[in-house]
Amino acid sequence: MKILVVNAGSSSLKYQLIDMEGQVVMAKGLCDRIGIPGSLIKHNALDGRSVTREIVMKDHNDAISALIKVLTHEEWGVLKSLDELNAVGHRVVHGGEKFFKSVVINDEVLETLEDCVELAPLHNPPNIMGIKACQANMPDVPQVAVFDTAFHQTMPRKAFLYPIPYEYYGKYRVRKYGFHGTSHKYVAERAAELIGKPLEQLKIITCHLGNGSSITAIEGGKSVDTSMGFTPLDGLPMGTRCGSIDPAIVTYIMNKEGLTTDRMDTILNKKSGVLAVSGVSSDFRDLDEAVDNGNERAFLALSIFAYKIKQYIGAYTCAMGGLDALVFTAGIGENNAAMRTSVCKRLDFLGIEIDESKNSIRGEEIDISTPDAKVRTLVIPTNEELAIAKETQKLLR
Ligand code: ADP
């Protein structure tokens, strides 16, 4: 089965074509600057053939049409014709409370997706444009939607309801949704495979640490709590997002500085996080370099990040009444050994103990715990595209 995975943003569209037999990425690439002068497609085939071409792409429809051409192209293509393509799996950011698992897309699903737009006004509209463009350009190929929020729909009410007037939940659907669900689910399933126990018997904390970061408590294979909330702004401090802060700070600063809601929104989403604390960068590689050069604020930013992760590990271990495995994934979780060390320091009382020689190994699935540790601490590279392709395959079977 050959599955095209599409992640459509407002001006870019990333894709991977995966052959599920052997789970091989046959090709991957990016349509960039959609709707902006200088739009281009970058395409890489598994065997090393690659091409970057400027093509006029005024909308997502043009992007999908360019993508089909390159996938079936004589010189760079990997498919003889579109008939070889079995399905398309779309990453969709927000499925609200309507979608608690992936779905095959039909008219009713599309209508419900439109209904979720107000919950993710920046992300869902381009996701929907990507879906419609695929439907228009390949009407005979089944399309599947895989949601970032769906995995967290198993959270109990005590975890997802905010203690604010109850009517806002009914009127405006204000509740915790959580994000990165595809990644948390994927690494939890891999963790169970690596440990060699059924997922249903395990209590796992997954730390997805990238530009956006979130932590999830997974009990018996189900998300029971997660650190992102109504929006991806909540929880851990991130590259440029503040994470959880005292909500009264928002109105206090707005009054002091005479800020509009839009300006405050920009400050909390784009000008906060480790960028703001360090004054250096939102990228953890730059922060590590700054720390090496003696920059104290960069050190402080990293310390705050590690401290908050520790707090979530404590909170979620208590929420689940125990812990079998702690998983690190995404850019920072997979690559930043020093951050893993900081997070795990002094957690031996919980059963978390890591072996520094194993912790220094990069880029592979590895159990970094000491042999006697009660909790398995694992590094598992996430693979959201493969997870979307697997979901798509499962649904179409
Ligand atoms: P996104 O949320 O955009 O997918 P990533 O998962 O790629 O983000 O994570 C980006 C973060 O991961 C950056 O702060 C970056 O410093 C860090 N990172 C990515 N690759 C590496 C690497 N090879 N070594 C150290 N840090 C890395």
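Further up the page is the structure itself.
Predicted, not measured: the structure shown is a model, and the values here were computed from it.

Draft legend 1. Region of interest: the overall build of the chain. Scanning the chain for helices and strands turns up 15 helices and 14 strands. Scaling as 2.2 N^0.38, a compact globule of 397 residues should have a C-alpha radius of gyration of about 21 Å, and the chain matches this with 22 Å. Principal-axis analysis of the C-alpha atoms places the extent of the chain at approximately 60 × 55 × 45 Å. By the burial criterion, 49% of the 397 residues in the chain qualify as buried. With an accessible surface of roughly 18900 Å², the chain has 51% of that area assigned to carbon and sulfur atoms. Side chains of the chain carry 44 positive and 50 negative charges; the gap between the two charge centres is 3 Å.

Draft legend 2. Representation of unusual backbone geometry within the structure. Phi is positive for R33, close to 60°, though the residue is something other than glycine. Using a relative accessible area of 36% as the deciding quantity, one classes R33 as partly exposed. Positive phi values are uncommon outside glycine, yet A330 reaches one of about 75°. Topologically, A330 is positioned in helix α12 (residues 330-335).

Draft legend 3. Broad picture of the site of the ligand. Taken together, G210, N211, G212, D283, F284, R285, A330, G331, I332, N335 and R362 make up the full set of residues near the ligand. Taking G331, its main chain carries an N or O atom lying 2.9 Å from an oxygen atom of the ligand. Take R362: an N or O atom from its side chain is 3.1 Å from a nitrogen atom of the ligand. Looking at the shell around the ligand, the elements that each hand over two or more residues are α10 (284-292) and α12. Per-element tally for the shell around the ligand: the top contributor is α12, with four residues. When its residues are assigned to classes, the shell around the ligand shows three nonpolar, five polar and three charged.

Draft legend 4. Seen up close, a nonpolar patch on the surface. Together, I245, I249, Y252 and I253 line one region of the surface with nonpolar side chains, adding up to about 340 Å² of accessible area. Within the element layout of this structure, I249 appears in helix α7 (residues 248-257).

Draft legend 5. How the structure looks around α10. Among all positions in α10, only F284, L287 and A290 are buried. For α10, the arc enclosing every buried residue in end-on projection is 115°, short of the 170-degree limit, so these residues lie on one face. For α10, exposure combined with an orientation more than 90 degrees from the buried face picks out R285, E289 and D292. In this fold, the buried residues of α10 make contact with α9 (273-278), α11 (296-320), α12 and α13 (337-344). One side-chain oxygen at the N-terminal end of α10 lies 2.8 Å from the backbone nitrogen of R285; it belongs to D283.

Draft legend 6. Main features of the packing of helix α2 (residues 107-115) against helix α3 (residues 124-137). Two elements in contact, α2 and α3, have axes separated by 10 Å at closest approach and are oriented at 160°. Taken together, the axes of α2 and α3 are roughly antiparallel relative to one another. Pair α2 / α3 crosses with left-handed handedness. Mapping the contact onto sequence places L110, L113 and E114 in α2 and N124, I128, I131, K132 and Q135 in α3. Taken together, the residues that form the contact of α2 with α3 break down as four nonpolar, two polar and two charged.

Calculation criteria
Residues numbered from 1 in each chain as written. Predicted model: local features only at pLDDT ≥ 70, side-chain atom pairs only at ≥ 80, totals over all residues. Heavy atoms only, no water. Helix = DSSP H or I, 4+ residues; strand = E, 2+ residues; numbered from the N terminus. Rg over C-alpha atoms; globule rule 2.2 N^0.38 Å. Buried < 20%, exposed > 50% of the residue type's maximum accessible area, 1.4 Å probe, protein only. Areas by Shrake-Rupley, 256 points an atom, 1.4 Å probe, with all protein chains shown as cover. Lys, Arg positive; Asp, Glu negative; His and termini not counted. Charge placed at Lys NZ, Arg CZ, Asp CG, Glu CD. Near = heavy atom within 4 Å. Polar contact = N/O pair within 3.5 Å; in protein donor to acceptor, adjacent residues only side chain to side chain. Nonpolar A, V, L, I, M, F, W, Y, C, P; charged D, E, K, R; others polar. Patch = residues over 30% accessible without salt bridge, like charges linked within 9 Å, V, L, I, M, F, W, Y side chains within 5 Å. Salt bridge = Lys/Arg side-chain N within 4 Å of Asp/Glu carboxyl O. Arc of directions from axis to C-beta. Contact = heavy atoms within 4.5 Å. Axes fitted to C-alpha atoms, helices over the stretch in contact; angles between N-to-C directions. Parallel < 35°, antiparallel > 145°, perpendicular 65-115°, else oblique. Left-handed = near helix turned anticlockwise from the far one by under 90°.

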